[in-house]
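Below, each chain spelled out in residue letters.
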Amino acid sequence: MTTQLEAGRPDVGPPGDAASGAGRSPVHRHPVDLVRVLLGAAVLGLGFLVAQRGELPTFERDLFQLVNGLPSAVFPLVWVVMQLGNAVAVPGLAAAALVARQVRMARDLLIAGLLAYVTADLVKGVVGRERPGGFAVEVNFPEGPVGGLGFVSGHSAVAAALATAAVPYLSRRTRRVAWVLAWSVALARVYVGAHLPLDVVGGVAVGWAIGSLVHWVFGVPRRELDPHRLGRLLARLGLPVLDVRPAAVEARSSHPFEATTPAGQRLYVKYLEPDRVERDWLYRLYRLLAVRDVKDADAVAPLGQQAEHEAVAAMTARERGVRTPRILLARGDDRGALVVQEFLPGQSLDRLPPGALTPALLAGVWEQVGRLRQARVAHHDLVARSIVVDDGGRPWVVDFGNALTGASDDALAGDVAELMASLVLLVEPGPVVGTALDRLGRDAVAAALPALAPLSLSSPTRALLRSRPERLAALRAEVRARLGLPDPDRPEFAPAGWPARAAVTVGSIGVLVGVPLLAGAGPMAEAVGRGGWRWLGAAVALAVLARTAMAAGALLTVERRIALGRTYGAGMVADSAGLLRGRDGWRRAAARFLERAGVLPDAATAALARFTAGAVVSAVVVAAVTLVLAAVDGRLTGWRTPEALVPAVVVGLGAWGLVLAGQWLALRRSGAAPVRTEFRGDVARALRDLLAVRPSGSDGVPRRRGAQLAWTVTGVFLEAAVLAAALHSVGGEVALLATAGVYGVLHLLWSVVPATAAPGAAEVALLLALTALAAPLGAACAAVVLFRLLTFWLPAATGAGLTTRFEHRSAL
């Protein structure tokens, strides 16, 4: 049954060039298209690795036979659909788009289709994989044998590229049809015996990536709305109007209009955009991974629900004293929705003339924000254009499309940060921060400090800040100065001096050269030569995952939204500082990163103590569980005296002594007193709190103990898996459980006595443990060097390069 809204839905014209105004549609470029390009390239790369083996996996063979064995009666229909991936279809569909006066669509179809065809042909020549007829598998050829190369499928690439290029110009239902047809072309190529499943998956990935790249290069025009049809829809919904015209305001996720009722009342009408970027699952995943936040959690809900949600949030704010226009209508379904409210004559803050943003006006703005906070309504898009100043000079809060009722403290703090960052582009930081402190108080402004980072802000604010990045830095400095917080850019260390650097460098080179020489050049080269590339690739991937898991565990020690990627990089920077200055250098570098993320100094120290305590508990858990399982499985019965015991100890002690001496010289030159005793006390308290049934929580930081321990346990176990994979890659054969158990014990030692994790001691301890588990000396030496390169040396070297980027000004 057709609803009243469906019967009168306004035409949302294709974002092309014809009926909706040729050439006048604004073009948008979405960074998420680049993410699609990278994902498509990643799928192609994985397929390339599998195809290069020259083998047909069992699963792929079975899947091929399942599709290829379908009845021959469907061949005529399959053949027709398959022509959509033919190169001739590219100019044909582009010409059809031109006939429909969709010039941009025709351009995208032509470029994407031809690029996909050429790229697929190039990939085939590089990979050189046979078609199904070249493998030991029974093939049914409905239209005769097919020769040539198989990976990737050109038909699949062209069909996917055409579907991707056409999607922005189609309705939601037609988009589904386009992708069904694209995948049908891929399955058709398998059905006719022309390609294997991996070939068509790679082809679809190529087409998807190329179509997305075309969208990013040329942009995607926005859809246009027919005002006359919108007026008829309003009349059917009981709100007759005399005139509907586009409103002279900017809107990212809606189509704004002005209207006038027969009684002369002016209305503001928002028609919600069904294709807003916040609904894109890749965009939402990016936001979640980057800053653990999705700006609009309601964006994936049906559009009608979004309209009602916006109305409820606005009415809630209005009832609690926030100055916002009255809502008159909110109605819609999954294909379209609208929100109607009273028209507010005035200017948004970003359109006021210079000098109009007086301290009195700013104070009024923050007063409205304070009322929003009291009502627990997070606006989630509180920028300068969301504040309208009426003819009487009073600020009003508008546009509650992303708002959240019953919001958390983090969401409310995000509003404060967003508005401060937006305002500082219009006025100096002093009045912005001063009036915010006067109206909201110290705690509210301090809570907003962590969100004063680009990734935590909305994309329009980030775009404006790119041309004036110094404004955000000045704002953070002003907030810290007003709150009396130390400058996080202050130099942490004095220059280490050449004796300290020389000692650490000689010790590091000594262990990296000395460990391989323990086995001799011949056995070491032989172990590396017979290693497996797949095991080596697994070790690299596991090392990345292990560090990611540890970074995720670190995020759970603070009540601040910090980007996972930056935390990952900060861990490498801390490793670099720890190499030259020991555990104290690691702690200070990590604490400085947290301070720059908005964490107060004492809270940063407490967070590092909780992280260290979590690492200790995780090492105990991994060691206990794996050793017990290994003992039950009989994997701990082959112990023997380690090979090259005395030379290994000599090499280890020599390198270890040099590194520790260099770290001592660096600390002595800096003149800073070590904080080991105090920090150990913090770790002990955090450990007691972590293991307590009821944590104290007196500092207000939620422990989230289970999640933190889960991530750190995963990280420690993955590090053990890196060691096992590195050993297998060089021909060593030691059980995973035994390797993980021994590594858990060593990790516990390194966490409790950090000096034992320094270069020299760590490598030799691992070497003696592996040879005691009956690993050959050559394989053990190669595995230890590879493991330490992946988990310490390469991250530390990368961290040294990232030091400037992360602004750890240590005056090295």
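Refer to the structure above for everything that follows.
Residues numbered from 1 in each chain as written. Predicted model: local features only at pLDDT ≥ 70, side-chain atom pairs only at ≥ 80, totals over all residues. Heavy atoms only, no water.

Trainee: Explain the overall build of the chain to me, please; I cannot follow it from the model alone.
Mentor: Helix and strand content of the chain: 29 helices and 14 strands. Counting over 812 residues, the chain shows a buried share of 52%. Within the chain, contacts between residues at least 6 apart in sequence are counted, and of these 77% link residues at least 24 apart. Counting only carbon and sulfur atoms, one obtains 63% of the accessible surface of the chain, whose full area is about 35200 Å². (Helix = DSSP H or I, 4+ residues; strand = E, 2+ residues; numbered from the N terminus. Buried < 20%, exposed > 50% of the residue type's maximum accessible area, 1.4 Å probe, protein only. Contact = heavy atoms within 4.5 Å. Areas by Shrake-Rupley, 256 points an atom, 1.4 Å probe, with all protein chains shown as cover.)

Trainee: So what exactly am I meant to see when it comes to the packing of aromatic side chains here?
Mentor: Each aromatic ring pair is summarised here by two numbers: the centre-to-centre distance and the angle between the ring planes. With the rule as written, the count across this model stands at four aromatic pairs. Between Tyr743 and Trp750, the aromatic rings sit 5.9 Å apart at their centres with planes inclined by 80°, giving edge-to-face as the arrangement. Given the relative accessible area of 3%, Tyr743 is considered buried. Relative to Trp793, the ring of Phe792 lies with its centre 5.1 Å away and its plane at 75°, an arrangement referred to as edge-to-face. Under the relative-accessibility criterion, Phe792 is labelled buried at 12%. These aromatic residues form a ring-pair network of at least three members: Tyr743, Trp750 and Phe787. Directly above the aromatic system of Trp586 lies the positively charged group of Arg583, at a separation of 4.0 Å from the ring centroid. (Phe/Tyr/Trp six-rings, centres within 6.5 Å; stacked < 30°, edge-to-face > 60°. Lys NZ or Arg CZ within 6 Å of the ring centre and 35° of its normal.)

Trainee: Looking at this structure, how should I read a nonpolar patch on the surface?
Mentor: A grouping of Leu34, Leu213, Trp216, Val217 and Phe218 is seen on the molecular surface, where their side chains present a nonpolar patch of about 380 Å² in accessible area. With four residues, the top contributor of residues to the nonpolar patch is helix α9 (residues 197-218). On the secondary structure map, Leu213 appears in helix α9. The class of Leu213 is partly exposed, set by a relative accessible area of 37%. (Patch = residues over 30% accessible without salt bridge, like charges linked within 9 Å, V, L, I, M, F, W, Y side chains within 5 Å. Salt bridge = Lys/Arg side-chain N within 4 Å of Asp/Glu carboxyl O.)

Trainee: Looking at this model, I keep getting lost on the packing of helix α13 (residues 359-374) against helix α14 (residues 409-423). Mind explaining?
Mentor: Geometry of a packed helix pair, given as the angle between the helix axes and the separation of the axes. Two elements in contact, α13 and α14, have axes whose closest approach is 10 Å; the angle formed by their N-to-C orientations is 165°. Regarding the angle of α13 to α14, the classification is roughly antiparallel. Considering only the axes of α13 and α14, their crossing is right-handed. In this structure, α13 contributes Leu362, Val365, Trp366, Val369 and Arg373 to the contact, and α14 contributes Leu412, Ala413, Val416, Leu419, Met420 and Leu423. Looking at the contact of α13 with α14, its residues break down into ten nonpolar, no polar and one charged. (Axes fitted to C-alpha atoms, helices over the stretch in contact; angles between N-to-C directions. Parallel < 35°, antiparallel > 145°, perpendicular 65-115°, else oblique. Left-handed = near helix turned anticlockwise from the far one by under 90°. Nonpolar A, V, L, I, M, F, W, Y, C, P; charged D, E, K, R; others polar.)

Trainee: Any chance you could explain the pattern of salt bridges here in plain terms?
Mentor: When the charged atoms of two side chains lie near each other, side chains of opposite charge can form a pair. By the definition in use, this model includes 21 salt bridges. One salt bridge in this structure joins Glu763 and Arg788, with 2.8 Å as the shortest N-O distance. Of this pair, Glu763 sits in helix α28 (residues 761-772) while Arg788 sits in helix α29 (residues 777-802), and the two are 25 residues apart along the sequence. The pair formed by Glu763 and Arg788 is uniform in burial state, with each residue classed as buried. Connected through shared salt-bridge partners, Asp243, Arg245, Glu258 and Arg266 make up one network.

Trainee: How should I be thinking about the nonpolar core in this particular structure?
Mentor: Nonpolar side chains in soluble globular proteins generally cluster together in the buried interior. With 57 residues, the main nonpolar core has Leu727, Tyr743, Leu766, Leu767, Leu770 and Cys781 as its most contacted residues. Elements represented by at least two residues in this core include exactly α19 (498-519), α21 (533-555), α22 (564-596), α24 (645-670), α26 (705-729), α27 (736-752), α28 and α29. Among the elements that line this core, the one with the most residues is α29, at 13 residues. Setting aside residues up to four positions removed in sequence, Leu770 forms contacts with Leu723, Leu727, Ala775, Ala780, Ala783 and Val784. Within the second largest apolar cluster, 56 residues are counted, among which are Ala375, Val397, Val424 and Ala436. (Core = buried A, V, L, I, M, F, W, Y, C linked by side-chain atoms within 4.5 Å.)

Trainee: It is not clear to me how helix α4 (residues 75-82) should be interpreted in this structure. Could you clarify?
Mentor: Three- or four-residue spacings in an α-helix give side chains the same orientation, since the helix completes a turn every 3.6 residues. Residues of α4 that are buried include every one of Val78, Val81 and Met82, and no others. When α4 is viewed along its axis, its buried side chains cluster within an angular range of 100° and face the same direction. Facing away from the buried side of α4 by more than 90 degrees, the exposed set consists of Pro76, Leu77 and Val80. Buried residues along α4 sit in contact with α7 (154-166) and α8 (172-191). (Arc of directions from axis to C-beta.)

Trainee: Honestly, the environment of Glu470 in this entry has me stumped. Any pointers?
Mentor: Locating Glu470 in the fold gives a position in helix α18 (residues 469-483). Sequence spacing of Glu470 and Leu425 is 45 residues, and the spatial spacing of their C-alpha atoms is 10.0 Å.

Trainee: Just to check I follow, could you spell out the pairing of strand β12 (residues 387-390) for this structure?
Mentor: In summary, the side chains of a regular strand alternate between the two faces of the sheet. What you see with β12 is no split at all: Ile387 and Val389 on one side and Val388 and Asp390 on the other are buried throughout. With three bridges connecting them, β12 and strand β13 (residues 395-397) associate as antiparallel partners. From the neighbouring strand, Val389 faces β13, where its bridge partner is Pro395. Hairpin remark: β12 followed by β13, antiparallel, with four residues in the connecting loop; positive phi at Gly393, about 85°. (Pairing = 2+ DSSP bridges.)

Trainee: When you look at the sheet that holds β12 in this model, what are you seeing that I'm missing?
Mentor: Adjacent strands of a sheet form backbone hydrogen bonds with each other and so pair up, either parallel or antiparallel. With antiparallel pairing, the three strands of this open sheet are ordered in space as β10-β12-β13. The outermost strands of the open sheet, each flanked by one partner alone, are β10 (346-348) and β13. With strand direction ignored, the average angle separating the axes of adjacent strands in the sheet is 35°. The sheet contacts of α13 involve β12 and β13, and relative to β13 the element is tilted by about 30°.

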